Amino acid sequence: MAQKLGHAVSGYGSFQSLGDLLLSFPHQQVTDYQRKLDLATATASVTYQYQGVDYQRDYFVSYPDDAVVIRLTANQPASISVTIETAIPDNRSAHKNVTDNILQVSGTLNDNQLEYALHIQADIQGGALATPLGVNKAHAGNDDNRPAASNAVSAKSQLQVEHADAVTLKISAATNYKNQYPDYRGEAAISRLNKVMAAIKSTPITTLQQRHLDDYQPLFERMALTLDDAHSALPTNQLLQRYQQGKASASAQRYLEALYFQYGRYLLIASSRPGSLPANLQGVWNIHQVAPWNADYHFNINLQMNYWLANVTNLAQTQLPLFDYVDSLVKPGRIAASSLLGADGWTLFLNSNVWGFTGTIAWPTAFWQPEAGAWIARHYYEHYLFTQDHDFLVQRAWPIMREASELWLQTLVNDPDTNTLVVVPSYSPEHGNFVVGAAMSQQIVTDLLRNTLQLAKTLNKKDFTQRLQQALNKLEPGLRIGHWGQLQEWRQDRDDPASQHRHVSQLYALHPGNQISPDTTPALSTAAATTLNARGDGGTGWSKAWKINFWARLQDGNRAHKLLTEQLIHSTLSNLWDNHPPFQIDGNFGATAGMAEMLLQSHNNDIALLPALADSWPGGQVTGLKARGNITVSIQWQHGELTQAKLTMPDTPAVYPPTGQLLKVRFSDTPTISHIAVTNAQSGAVLPVSLDGNVLTFQAKAGQQYLIKRQHGSISSLFYPSTHTAASAITTTKKEIQ
Ligand code: FUC
């Protein structure tokens, strides 16, 4: 089967970096060296001392300006001498040239002739800039009494700065890539780049910095997580080390965990903005020419995990690159559907690149995954549920889900023994073998058809509604409990209780799907827990991250937290990157998503507050989480118990949950009604509520904000003051520059 369906692939390519920027300073044996990344400003800095002078380098990327900006400063004038050059990989041509204060590099890749161009503009204050022809006076601020530039001759491939007070490097690059099937070529690299550089040529650094902050901070600051008494003064690498050695105090552990949460959000903002490609296996931080798995897009968990955090942590628009990319796969995906499955619709298999690859590769244990299109289509549905963006629903979610569904409506096979519809052939990711109807295949297709049915009803698509409903009536859901109480991975009851395989694909229905939940399907939840216990708490980085989400969905906060500690202890590098190994970004994103799932869930038509709080987070507050229905949620808790929640309804009436109908809020325990108060935050009016077990219901209206307060035991005040600051800085230390 593998030989028949798999294909050896050539010319697939690898995501790779443009090159290295080399800054050489005449500094040796420096002291007090510190590297820092400030999440609050998305600015990286290096500071050190050399011969009594304090040096600093600040780096940021201005998304609005499409530029990397580097600022070199010192606390004494005329201290900065630096040679600026580039190292370009040898798999491309590289024409280097210096004109005035700009170093230009351009060329084409050897294999596919993709053009690239890079400009580095050095604006200096004081001092002098050497050019190939001699010495240029600085453009600005070059007053007297500075050492004159000496030996100032540079090769054409270098910029050489002598005795400047400060230097600003404005860097941008372009290619002629365009994500459009089938030729993937757009405007010439040089002409794209010239426009970008012309726009920032004379822009002062303060303006670039402000534009960067105005762009970044409103996104980053949309939400905050504070865990009580979270504190550490240690550099992050040392803090992580102590955490890994079991030597970090409880408050230092909380500090690291809250920092790690926000770091995930920072990484997503930094790697996935409208107009870019989506975050790949290494985000955008690959340094290899041929990266592990080509730093491509894997659709059997990795790419999906990259975006799990986007909606709930209030970064919905970071998904737009994902949707642009997936949309671009539809045309080649139709070819894959017709040639490999003989059906209409679209899909792809295990992996894809930026050139529209939608076929199969030859890796026998992994390549067969025709459900990839269906799985990624769920992100469109979720985006709609979270944002309630009706235009997105009509123009983007519906077309892609309809066509993904069409494929399955045409290819599901009737199993004569059970008279149910099954996926054939089917292969449980990387665990196999080829079977009829592995659990994940059935669950993904069920999920797709159900979600598409909701949209078809919303959009009044009668014929398609009927076809989906008919298929769903006969579709095997892939939810079977086996002889040792496990949730079966296959239709046959043959799961090995000793298997600790990292893919726990049969639990798709628990997360990211919602067919299994302790609230709605307790027996299946118990079976899911049995499976997870057998698989253990190990695995690669992303596997642990997925398990945080699983245990959070099973409402076991302590176990979810245990997996978080496993991830930080065994699968995290000193800069807090996830370590598969090697470095792979999905674990960062998946873990942040899992932490959010511990605090808020909304996949069961209700809003579950603190559904999986861990004992090690006894108090804290989170602001700005998002629930489905475009509801913004802030929560405070103390002594492990919820004290207050604020729900901000969207301004326009939501389709889900329907405005004017009852909003359900689920607590993690069963409260007494007299200990609950719901008020309208704007008017102060007290709302009539009803309580059924742990579910509170009240009428919620568009544009309104509601405060839910709970009293516990002897606590007399419904309010408590917040005195904590958000964790925001990652620092690392190193004694010397090499
Ligand atoms: C899937 C995983 C591997 C790895 C690769 C990029 O195939 O099973 O562990 O993450 O993607």
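The following refers to the structure shown. (Residues numbered from 1 in each chain as written. Predicted model: local features only at pLDDT ≥ 70, side-chain atom pairs only at ≥ 80, totals over all residues. Heavy atoms only, no water.)

## Some remarks on the sheet that holds strand β14 (residues 224-227)
Just so we agree on the cut-off: Between any two strands, at least two bridges found by DSSP are needed for them to pair. In DSSP terms, a helix is any run of H or I states spanning at least four residues, a strand is any run of E spanning at least two, and both are numbered starting from the N terminus. Interaxial angle, 0 to 180 degrees, is taken between N-to-C directions of lines fitted to C-alpha atoms, where a helix line uses only the stretch in contact.
A sheet is described by the order of its strands in space; here six strands give the open sequence β14-β21-β22-β23-β28-β25, paired in antiparallel fashion. Each end of this open sheet is capped by a strand with a single partner; those strands are β14 and β25 (676-680). The mean angle between the axes of side-by-side strands here comes to 20°, regardless of whether they run parallel or antiparallel. Sheet topology note: the strand β21 (residues 620-627)/strand β22 (residues 631-638) ladder contains six bridges and is antiparallel. Across the sheet, the residue bridging to V622 is I635, located in β22.

## Brief notes about the packing of aromatic side chains
For clarity, the threshold we go by: Side-chain rings of Phe, Tyr and Trp, where Trp is taken by its six-membered ring, are said to pair if the distance between their centres is within 6.5 Å; with planes under 30 degrees apart they count as stacked, over 60 as edge-to-face, and otherwise as tilted. Only protein chains enter the accessibility calculation, which uses a 1.4 Å probe. A residue is then buried if its area is under 20% of the maximum for its type, exposed if over 50%, and partly exposed in between.
Within this structure, the stated rule accounts for 26 aromatic pairs. When the ring of W285 is compared with that of W577, the centres are 6.4 Å apart and the planes differ by 50°; the resulting orientation is tilted. On the criterion of sequence distance, the pair formed by W285 in the loop between α5 (250-271) and β15 (297-298) and W577 in the loop between α16 (557-570) and α17 (586-599) is long-range, its members being 292 residues apart. Judged by relative accessible area, which is 23%, W285 ranks as partly exposed. Since its relative accessible area comes to 19%, W577 is described here as buried.

## Thoughts on the packing of helix α12 (residues 439-458) against helix α13 (residues 462-474)
Note the following rule: Orientation is classified from the angle alone, with under 35 degrees giving roughly parallel, over 145 giving roughly antiparallel, 65 to 115 giving roughly perpendicular, and any other angle giving oblique. Left-handed is the label given to a crossing in which the near helix is rotated counterclockwise from the far helix by less than a right angle, and right-handed is the label when the rotation is clockwise. Only heavy atoms matter for contacts: two residues are in contact if any of them lie within 4.5 Å across the pair. Ten residue types, Ala, Val, Leu, Ile, Met, Phe, Trp, Tyr, Cys and Pro, are classed as nonpolar, four, Asp, Glu, Lys and Arg, as charged, and the remainder, Gly among them, as polar.
Remark: α12 packs on α13, axes separated minimally by 9 Å, with the N-to-C direction vectors making an angle of 150°. With respect to α13, the axis of α12 lies roughly antiparallel. Our pair here, α12 against α13, has a crossing hand that is left-handed. Of the residues in α13, those in contact with T446, L449, R450, T452, L453, A456 and K457 of α12 are F464, T465, L468, Q469, A471 and L472. Counted by class, the contact of α12 with α13 contains seven nonpolar, four polar and two charged residues.

## Concerning the packing of helix α9 (residues 330-341) against helix α11 (residues 390-411)
For the pair α9 and α11, interaxial distance at closest approach is 12 Å and the crossing angle is 0°. On the basis of their axis angle, the class for α9 and α11 is roughly parallel. Contacts between α9 and α11 pair V330, R334, A337 and L341 from the former with I400, E403, L407 and T411 from the latter. Taken together, the residues of the contact of α9 with α11 sort by class into five nonpolar, one polar and two charged.

## What to know about the pattern of salt bridges
Two side chains of opposite charge can pair, provided their charged atoms sit close to one another. Going by this rule: For salt bridges, the criterion is a side-chain nitrogen of Lys or Arg within 4 Å of an Asp or Glu carboxyl oxygen.
Summed over all chains, the structure comprises 24 salt bridges. Notably, a salt bridge pairs R628 with E382, separated by 2.8 Å at the nearest N-O pair. Here R628 is found in the loop between β21 and β22, whereas its partner E382 is found in helix α10 (residues 372-387), with 246 residues between them in sequence. In this pair, the class of R628 matches that of E382, namely buried. Several salt bridges share partner residues, and in doing so they unite R378, E382, D447 and R628 into one network.

## Some thoughts on unusual backbone geometry
The omega torsion of the bond from Y181 to P182 falls at 5°, within 30 degrees of zero and hence cis. Turning to its location among the elements, P182 is positioned in the loop between β13 (166-175) and α2 (189-200). A cis amide bond links V424 with the next residue in sequence, P425, at an omega value of -10°. Mapped onto the elements, P425 comes out in the loop between β18 (420-422) and α12. Positive phi, close to 50°, is recorded for Q29, a residue that is not glycine. Structurally, the position occupied by Q29 is in the loop between β1 (20-24) and β2 (31-38).

## Details of empty space enclosed by the protein
What counts, and what does not: Using only the protein atoms, space was sampled on a 1 Å grid; points where a 1.4 Å probe fits but cannot get out form cavities, open sets with protein on both sides within 12 Å along at least five of seven lines form pockets, and lining residues are those with an atom within 4 Å of a point. Grid points are joined across faces, edges and corners, and a volume is the space filled by probe spheres set on the points.
Counted according to the given criterion, the structure contains four cavities of 30 Å³ or more. Approximately 250 Å³ is the volume found for the largest cavity. Forming the walls of the largest cavity are 20 residues, and the residues nearest its centre are W308, E382, F386, E597 and R628. At the level of secondary structure, the elements contributing two or more residues to the lining of the largest cavity comprise α7 (308-312), α10, α17, β19 (600-601) and β21.

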